[in-house]
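# Topology and contacts: notes
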Amino acid sequence: MAEKVIIIGSGPAGWTAAIYAARANLNPLVFAGRPKQTPSTILPGGQLMLTTEVDNYPGFPEGVTGPKLMAHFEQQAVRFGTRIVTDDGLNPDVSNPDDGHSYKYHDCTKLDLSSRPFKVWGEGDELVEAQAVIIATGATANWLGLENEQRLARSGGGVSACAVCDGALPVFRDKELAVIGGGDSAIEEASYLTKFAKKVYLIHRRDELRASKIMRQRAFDNPKIEILWNKIVTDVLGDKMISGLKLQDTQTKEKSDLPVGGLFLAIGHTPATKFLKGQLELDSKGYINLKDPYRSFTSIEGVFAAGDVVDSVYRQAITAAGMGCRSAIDAERWLAEQGIE
Ligand code: NAP
């Protein structure tokens with residue numbers, strides 16, 4: 001028999017959708033995703049699994065680590081009967097979320113959304129049918145792919161792909177920081193960091209910003225932002241904590257060192273939608289198009305989407321969780337209209 005709802009993805013959007021769907025007696029089945037290195041690390045639980053302290057998620061006045069927050073989400077979803085597809089069957093033991101059980105979670109590898117019930121394939125070509133599907137596969141921040149960048153990002157050594165998440169940490173206060181990128185995000189992140197930092201270098205690989213006119217002006221007007229044009233970062237320096245960057249000028253090829261106490265990447269995100277190509281309407285960057293930005297309906301009736309996989313602007317755990325909630329409520333109401341409860 002077909003599942004009522006399958007949820008693909010296990011970040012804040014996916015687990016929140018699961019909590020709401022489970023509490024609505026929809027008995028959700030989750031493909032939470034297998035950990036992988038692409039070279040960015042991708043883990044079940046999403047981008048928060050790569051974040052050390054989360055200080056802006058409401059309800060945690062003392063802060064919480066990203067992995068702990070995601071473990072709470074998962075445990076709450078499982079408490080209400082959410083099932084997760086794993087190497088050991090559908091009911092993982094999440095009593096101790098630190099025991100690494102999540103490495104056994106399965107990817108969804110393929111979908112056929114051309115007729116209902118929808119067909120969803122997991123690893124090993126296991127086929128499950130579903131009346132409704134919620135896609136919450138998120139997006140991964142783009143990284144330069146440098147070995148030391150990845151090492152320091154993983155160890156909390158002052159390298160991050162989210163200034164709004166990490167920039168207010170005491171370790172960055174009154175330091176000289178660097179942001180890489182020339183788009184709206186880079187300027188937004190650099191401006192945000194100037195609230196805490198002594199100075200912010202905006203390192204851009206060209207001599208013209210990609211950002212919108214208003215954002216460009218914001219960068220030019222901020223006395224704490226210095227733009228380093230035509231520069232690429234070739235290495236990140238520092239043992240336990242970042243101490244600087246090796247730069248190269250793209251025009252003159254001249255090499256230089258820049259001492260900094262923090263590095264923030266803002267070179268775009270890639271939505272995890274490769275497996276959806278040709279199935280669902282995507283925009284030019286691969287994000288899922290919603291029929292109405294305030295709801296979760298996609299171009300296919302019965303398929304809903306939530307979180308960073310539809311959102312290139314806010315990209316916060318709290319906004320993703322909110323969208324996850326919407327998607328489960330939309331799915332529940334749509335299933336009821338089809339006579340499936
Ligand atoms: P984006 O517009 O794609 O910009 C990415 C930037 O990173 C570009 O300047 C690009 O350089 C640079 N870059 C890419 N790969 C690089 C690499 N390997 N090394 C060095 N630099 C690299 O991405 P975004 O800024 O995240 O914005 C995404 C979307 O969200 C946009 O539509 C944006 O308008 C929107 N957004 C809006 C706001 C706002 O209005 N407040 C805030 C945030 C985001 P090149 O320019 O040379 O390609």
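Structure shown above.
Read on for a plain summary of the structure. As the structure is a prediction and not an experimental result, all values here were calculated from the model.

## What to know about helix α3 (residues 147-154)
Three or more residues of α3 are buried, namely E149, Q150, L152 and A153. Where α3 terminates, the next one or two residues include G156, which has phi positive at roughly 70°.

## Some points on the sheet that holds strand β18 (residues 255-259)
Consider a sheet: its strands pair through backbone hydrogen bonds, and that pairing is either parallel or antiparallel. With antiparallel pairing, the three strands of this open sheet are ordered in space as β16-β17-β18. Of all the strands in the sheet, just β16 (231-237) and β18 have a single pairing partner and so form its edges. Neighbour-to-neighbour, the strand axes of this sheet turn through a mean angle of 30°, independent of strand direction.

## Observations regarding the pairing of strand β8 (residues 108-112)
Sheet analysis places β8 next to strand β9 (residues 118-122), joined by four bridges and oriented antiparallel. Its bridge partner lying in β9, L111 is registered against V120. If you look at the hairpin formed by β8 and β9, you'll find five residues sitting between the two strands.

## Observations concerning helix α7 (residues 317-337)
Counting along an α-helix, one turn takes 3.6 residues, and residues three or four places apart therefore face a common direction. Compared with an ideal rise of 1.5 Å per residue, which puts 21 residues at 30 Å, α7 spans 30 Å between its outermost C-alpha atoms and is within 8% of the ideal. Close packing links the buried residues of α7 with β1 (3-8), α1 (12-23), α2 (66-79), β10 (127-135) and β21 (303-305). Where α7 ends, the next residue or the one after it, G339, has phi of about 80°, a positive value.

## Observations concerning the packing of aromatic side chains
In the structure shown here, the tally under the stated rule is six aromatic pairs. Here the aromatic rings of F304 and W334 are separated by 6.2 Å at their centres, their planes lie at 70°, and the arrangement is edge-to-face. With F304 in strand β21 and W334 in helix α7, this pair connects stretches of sequence that are 30 residues apart. Grouping aromatic residues by their ring pairs yields a cluster made of Y57, F60 and F73. Sitting over the ring of F80, R23 keeps its end group 4.7 Å from the ring centre. The positively charged end of K110 is found above the aromatic ring belonging to W121, 4.4 Å away from the centroid.

## Let's talk about the environment of E123
Tracing the backbone through its elements, the reader meets E123 in the loop between β9 and β10. Separated by 146 residues in sequence, E123 and H269 have C-alpha atoms that sit 25 Å apart. Side-chain polar atoms of E123 contact the side chain of R34, separated by 2.7 Å. In this structure the side chain of E123 is engaged in a polar contact, spanning 2.8 Å, whose partner is the backbone nitrogen of D107.

Rules used in this analysis
Residues numbered from 1 in each chain as written. Predicted model: local features only at pLDDT ≥ 70, side-chain atom pairs only at ≥ 80, totals over all residues. Heavy atoms only, no water. Buried < 20%, exposed > 50% of the residue type's maximum accessible area, 1.4 Å probe, protein only. Helix = DSSP H or I, 4+ residues; strand = E, 2+ residues; numbered from the N terminus. Pairing = 2+ DSSP bridges. Axes fitted to C-alpha atoms, helices over the stretch in contact; angles between N-to-C directions. Expected span 1.5 Å × (residues − 1). Contact = heavy atoms within 4.5 Å. Phe/Tyr/Trp six-rings, centres within 6.5 Å; stacked < 30°, edge-to-face > 60°. Lys NZ or Arg CZ within 6 Å of the ring centre and 35° of its normal. Polar contact = N/O pair within 3.5 Å; in protein donor to acceptor, adjacent residues only side chain to side chain.

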